[in-house]
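# Fold and geometry: a report
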Amino acid sequence: MDVLKILRERYTTKLYDSGYRLQVEEINQIKEILRLAPSSINSQPWAFEIIEDDVIKERLSEHSMNNSERVRAASHVIVFHVYRSVEVFERERIGRLAEGAQGFYRGYVASRGEVAVRAWMERQVYIALGVLLAALPVLGVDSTPMEGIDLEAYDGILGHEKYRPIVAVALGRRDPKDENQPSITPKSRRTDVFL
Ligand SMILES: Cc1cc2nc3c(=O)[nH]c(=O)nc-3n(C[C@H](O)[C@H](O)[C@H](O)COP(=O)(O)O)c2cc1C
(Lines give C-alpha, C1' and ligand atoms only; values in the text may rest on other atoms or scores of the structure.)
Protein backbone atom coordinates (compact mmCIF):
# COMPACT_ATOMS: atom_id res chain seq x y z
CA MET A 1 0.00 0.00 0.00
CA ASP A 2 1.41 3.38 -1.04
CA VAL A 3 0.21 5.55 1.84
CA LEU A 4 1.36 8.84 0.29
CA LYS A 5 -0.43 8.08 -2.97
CA ILE A 6 -3.60 7.36 -1.01
CA LEU A 7 -3.33 10.58 1.02
CA ARG A 8 -2.55 12.67 -2.06
CA GLU A 9 -5.59 11.31 -3.84
CA ARG A 10 -8.09 11.56 -0.97
CA TYR A 11 -10.11 14.73 -0.91
CA THR A 12 -13.25 16.32 0.46
CA THR A 13 -16.03 15.18 -1.84
CA LYS A 14 -18.42 17.94 -2.83
CA LEU A 15 -20.63 16.04 -5.27
CA TYR A 16 -21.88 12.48 -4.77
CA ASP A 17 -23.26 9.81 -7.07
CA SER A 18 -26.72 9.73 -5.47
CA GLY A 19 -27.48 6.25 -6.83
CA TYR A 20 -24.55 4.60 -5.09
CA ARG A 21 -24.85 2.76 -1.77
CA LEU A 22 -22.02 1.24 0.27
CA GLN A 23 -22.05 -2.50 0.90
CA VAL A 24 -22.79 -3.92 4.36
CA GLU A 25 -19.25 -5.36 4.48
CA GLU A 26 -17.79 -1.87 3.90
CA ILE A 27 -19.95 -0.44 6.70
CA ASN A 28 -18.80 -3.23 9.00
CA GLN A 29 -15.17 -2.35 8.28
CA ILE A 30 -15.90 1.33 8.92
CA LYS A 31 -17.47 0.44 12.27
CA GLU A 32 -14.37 -1.50 13.26
CA ILE A 33 -12.09 1.38 12.18
CA LEU A 34 -14.04 3.74 14.45
CA ARG A 35 -14.07 1.30 17.33
CA LEU A 36 -10.29 0.91 17.11
CA ALA A 37 -9.55 4.65 17.25
CA PRO A 38 -7.12 5.66 20.02
CA SER A 39 -7.90 8.21 22.72
CA SER A 40 -6.09 9.70 25.71
CA ILE A 41 -6.01 7.15 28.59
CA ASN A 42 -8.32 5.07 26.37
CA SER A 43 -11.20 7.25 27.57
CA GLN A 44 -13.34 6.75 24.43
CA PRO A 45 -15.79 9.57 25.25
CA TRP A 46 -17.68 8.98 22.00
CA ALA A 47 -20.50 7.28 20.18
CA PHE A 48 -20.84 6.96 16.42
CA GLU A 49 -24.15 6.96 14.62
CA ILE A 50 -24.21 5.59 11.09
CA ILE A 51 -27.25 6.83 9.22
CA GLU A 52 -28.47 5.30 5.98
CA ASP A 53 -32.19 5.94 6.28
CA ASP A 54 -33.24 8.33 3.49
CA VAL A 55 -35.95 9.97 5.60
CA ILE A 56 -33.49 10.84 8.39
CA LYS A 57 -30.85 11.96 5.88
CA GLU A 58 -33.43 14.24 4.29
CA ARG A 59 -34.31 15.76 7.66
CA LEU A 60 -30.64 16.26 8.52
CA SER A 61 -29.93 17.73 5.08
CA GLU A 62 -32.39 20.54 5.83
CA HIS A 63 -30.06 21.58 8.68
CA SER A 64 -26.77 21.05 6.91
CA MET A 65 -26.08 24.52 5.49
CA ASN A 66 -23.77 24.29 2.43
CA ASN A 67 -23.58 20.54 2.94
CA SER A 68 -27.30 19.91 2.34
CA GLU A 69 -26.96 18.28 -1.05
CA ARG A 70 -24.06 16.10 0.14
CA VAL A 71 -26.06 14.80 3.10
CA ARG A 72 -28.98 14.03 0.78
CA ALA A 73 -26.97 12.33 -1.98
CA ALA A 74 -24.34 10.52 0.09
CA SER A 75 -24.75 6.83 0.79
CA HIS A 76 -24.36 7.21 4.57
CA VAL A 77 -23.75 9.95 7.12
CA ILE A 78 -21.76 9.24 10.26
CA VAL A 79 -22.51 11.54 13.17
CA PHE A 80 -19.79 11.72 15.83
CA HIS A 81 -21.18 12.19 19.32
CA VAL A 82 -19.60 13.04 22.67
CA TYR A 83 -20.88 12.45 26.19
CA ARG A 84 -23.41 15.12 27.11
CA SER A 85 -22.67 15.00 30.84
CA VAL A 86 -19.17 15.10 32.33
CA GLU A 87 -20.54 13.38 35.41
CA VAL A 88 -21.90 10.43 33.40
CA PHE A 89 -18.67 10.27 31.39
CA GLU A 90 -16.59 10.11 34.58
CA ARG A 91 -18.80 7.41 36.05
CA GLU A 92 -19.03 5.25 32.93
CA ARG A 93 -15.57 5.67 31.42
CA ILE A 94 -13.08 7.16 33.85
CA GLY A 95 -14.36 5.07 36.73
CA ARG A 96 -13.49 1.89 34.83
CA LEU A 97 -9.89 2.82 34.10
CA ALA A 98 -6.79 1.74 36.00
CA GLU A 99 -5.81 3.94 38.94
CA GLY A 100 -2.87 5.47 37.03
CA ALA A 101 -5.16 6.65 34.23
CA GLN A 102 -7.69 7.97 36.73
CA GLY A 103 -4.89 9.88 38.44
CA PHE A 104 -3.85 11.44 35.11
CA TYR A 105 -7.46 12.44 34.46
CA ARG A 106 -7.88 14.00 37.92
CA GLY A 107 -4.50 15.75 37.89
CA TYR A 108 -4.23 17.01 34.33
CA VAL A 109 -7.76 17.15 32.93
CA ALA A 110 -10.49 17.44 35.60
CA SER A 111 -8.38 19.86 37.66
CA ARG A 112 -8.68 22.43 34.85
CA GLY A 113 -12.46 22.63 35.17
CA GLU A 114 -15.51 21.50 33.25
CA VAL A 115 -14.94 23.67 30.16
CA ALA A 116 -11.48 22.14 29.75
CA VAL A 117 -12.85 18.62 30.28
CA ARG A 118 -15.44 19.16 27.56
CA ALA A 119 -12.81 20.49 25.14
CA TRP A 120 -10.58 17.50 25.96
CA MET A 121 -13.44 15.05 25.32
CA GLU A 122 -14.16 16.69 21.97
CA ARG A 123 -10.48 16.46 21.00
CA GLN A 124 -10.64 12.72 21.55
CA VAL A 125 -13.64 12.47 19.23
CA TYR A 126 -11.71 14.38 16.55
CA ILE A 127 -8.96 11.75 16.74
CA ALA A 128 -11.54 9.18 15.67
CA LEU A 129 -12.56 11.56 12.87
CA GLY A 130 -8.94 11.78 11.67
CA VAL A 131 -8.43 8.03 11.81
CA LEU A 132 -11.58 7.52 9.75
CA LEU A 133 -10.65 10.17 7.15
CA ALA A 134 -7.25 8.52 6.65
CA ALA A 135 -8.70 5.00 6.46
CA LEU A 136 -11.63 5.61 4.11
CA PRO A 137 -9.55 6.07 0.93
CA VAL A 138 -7.85 2.74 1.66
CA LEU A 139 -11.33 1.20 1.38
CA GLY A 140 -11.99 3.25 -1.77
CA VAL A 141 -14.73 5.24 -0.03
CA ASP A 142 -15.13 8.98 -0.69
CA SER A 143 -16.07 11.31 2.16
CA THR A 144 -16.87 14.82 3.38
CA PRO A 145 -16.03 15.87 6.94
CA MET A 146 -18.67 18.39 7.99
CA GLU A 147 -18.55 20.99 10.71
CA GLY A 148 -20.90 23.09 8.61
CA ILE A 149 -24.04 21.58 10.11
CA ASP A 150 -26.53 22.87 12.66
CA LEU A 151 -25.59 20.76 15.68
CA GLU A 152 -28.60 21.83 17.74
CA ALA A 153 -30.95 20.78 14.96
CA TYR A 154 -29.08 17.49 14.50
CA ASP A 155 -29.40 16.93 18.24
CA GLY A 156 -33.13 17.61 18.08
CA ILE A 157 -33.59 15.13 15.22
CA LEU A 158 -31.34 12.36 16.54
CA GLY A 159 -32.21 12.90 20.20
CA HIS A 160 -29.86 10.75 22.28
CA GLU A 161 -30.12 11.20 26.02
CA LYS A 162 -26.51 10.36 26.75
CA TYR A 163 -24.73 11.85 23.74
CA ARG A 164 -24.75 15.03 21.69
CA PRO A 165 -23.42 15.45 18.12
CA ILE A 166 -20.26 17.46 17.43
CA VAL A 167 -19.24 16.70 13.82
CA ALA A 168 -20.33 14.50 10.92
CA VAL A 169 -18.94 12.78 7.82
CA ALA A 170 -20.82 12.02 4.61
CA LEU A 171 -19.73 8.85 2.79
CA GLY A 172 -20.23 7.42 -0.63
CA ARG A 173 -18.86 7.56 -4.15
CA ARG A 174 -17.98 10.74 -5.95
CA ASP A 175 -19.89 11.94 -8.96
CA PRO A 176 -17.28 11.87 -11.78
CA LYS A 177 -18.12 15.54 -12.36
CA ASP A 178 -17.01 16.54 -8.84
CA GLU A 179 -14.67 19.46 -9.47
CA ASN A 180 -13.02 19.22 -6.06
CA GLN A 181 -11.23 15.96 -6.87
CA PRO A 182 -7.45 16.45 -7.03
CA SER A 183 -7.25 15.52 -10.75
CA ILE A 184 -9.29 18.70 -11.41
CA THR A 185 -8.48 20.89 -8.38
CA PRO A 186 -4.96 20.18 -7.15
CA LYS A 187 -4.45 19.88 -3.41
CA SER A 188 -3.45 23.05 -1.61
CA ARG A 189 -1.21 22.59 1.40
CA ARG A 190 1.33 24.68 3.30
CA THR A 191 4.98 23.77 2.89
CA ASP A 192 6.23 25.80 5.88
CA VAL A 193 4.78 23.58 8.59
CA PHE A 194 7.96 22.01 9.89
CA LEU A 195 9.79 23.90 12.63
C1 LIG B 1 -13.15 19.05 10.94
C2 LIG B 1 -13.41 19.40 9.50
C3 LIG B 1 -14.59 20.01 9.15
C4 LIG B 1 -14.87 20.30 7.82
N5 LIG B 1 -16.10 20.82 7.47
C6 LIG B 1 -16.42 20.92 6.17
C7 LIG B 1 -17.73 21.26 5.77
O8 LIG B 1 -18.63 21.50 6.57
N9 LIG B 1 -18.02 21.30 4.42
C10 LIG B 1 -17.05 21.03 3.48
O11 LIG B 1 -17.37 21.06 2.28
N12 LIG B 1 -15.79 20.72 3.83
C13 LIG B 1 -15.45 20.64 5.14
N14 LIG B 1 -14.18 20.27 5.51
C15 LIG B 1 -13.20 19.99 4.46
C16 LIG B 1 -11.99 20.93 4.46
O17 LIG B 1 -12.33 22.17 3.90
C18 LIG B 1 -10.89 20.22 3.66
O19 LIG B 1 -10.47 19.07 4.37
C20 LIG B 1 -9.67 21.08 3.40
O21 LIG B 1 -10.01 22.19 2.60
C22 LIG B 1 -8.59 20.29 2.68
O23 LIG B 1 -9.08 19.76 1.47
P24 LIG B 1 -9.11 18.19 1.17
O25 LIG B 1 -9.83 17.50 2.29
O26 LIG B 1 -9.89 18.08 -0.13
O27 LIG B 1 -7.70 17.70 1.03
C28 LIG B 1 -13.90 20.01 6.83
C29 LIG B 1 -12.70 19.40 7.20
C30 LIG B 1 -12.46 19.07 8.51
C31 LIG B 1 -11.19 18.35 8.86
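Residues numbered from 1 in each chain as written. Predicted model: local features only at pLDDT ≥ 70, side-chain atom pairs only at ≥ 80, totals over all residues. Heavy atoms only, no water.

A few words on the UniProt feature "domain: Nitroreductase" (unreviewed entry) in the protein. With numbering matched to this structure, UniProt assigns "domain: Nitroreductase" (unreviewed entry) to residues 7-173. For residues 7-173, the helix share is 49%, the strand share is 17%, and the end-to-end C-alpha distance is 17 Å. (UniProt positions renumbered as here; feature names shortened; annotations may be inferred. Helix = DSSP H or I, 4+ residues; strand = E, 2+ residues; numbered from the N terminus.)

Close to the ligand lie 14 residues; Arg10, Thr12, Lys14, Lys187 and Arg189 are nearest. The side chain of Thr12 places a nitrogen or oxygen atom 2.6 Å from an oxygen atom of the ligand. Here an oxygen atom of the ligand sits 2.9 Å away from a polar atom, N or O, in the main chain of Gly148. When isolated, the ligand has an accessible area of 620 Å², and the protein chains bury 67% of it. Looking at the shell around the ligand, the elements with two or more residues in it are α7 (114-139) and β3 (142-146). The class makeup of the residues in the shell around the ligand is 5 nonpolar, 3 polar and 6 charged. (Near = heavy atom within 4 Å. Polar contact = N/O pair within 3.5 Å; in protein donor to acceptor, adjacent residues only side chain to side chain. Areas by Shrake-Rupley, 256 points an atom, 1.4 Å probe, with all protein chains shown as cover. Nonpolar A, V, L, I, M, F, W, Y, C, P; charged D, E, K, R; others polar.)

Once that is clear, we can look at a nonpolar patch on the surface. A contiguous nonpolar surface patch, about 500 Å² in accessible area, is contributed by Met1, Val3, Leu4, Leu7 and Val138. For Val3, the position within the fold is in helix α1 (residues 3-9). The class of Val3 is partly exposed, set by a relative accessible area of 47%. (Patch = residues over 30% accessible without salt bridge, like charges linked within 9 Å, V, L, I, M, F, W, Y side chains within 5 Å. Salt bridge = Lys/Arg side-chain N within 4 Å of Asp/Glu carboxyl O. Buried < 20%, exposed > 50% of the residue type's maximum accessible area, 1.4 Å probe, protein only.)

This part covers the nonpolar core. Residues Ile30, Phe80, Tyr105, Met121, Leu132 and Leu171 are the most contacted members of the largest nonpolar core, which totals 37 residues. Secondary-structure elements contributing two or more residues to this core are α2 (24-35), β1 (46-51), β2 (76-83), α5 (86-92), α6 (99-109), α7 and β4 (163-172). For this core, the element with the highest residue contribution is α7, accounting for 10 residues. (Core = buried A, V, L, I, M, F, W, Y, C linked by side-chain atoms within 4.5 Å.)

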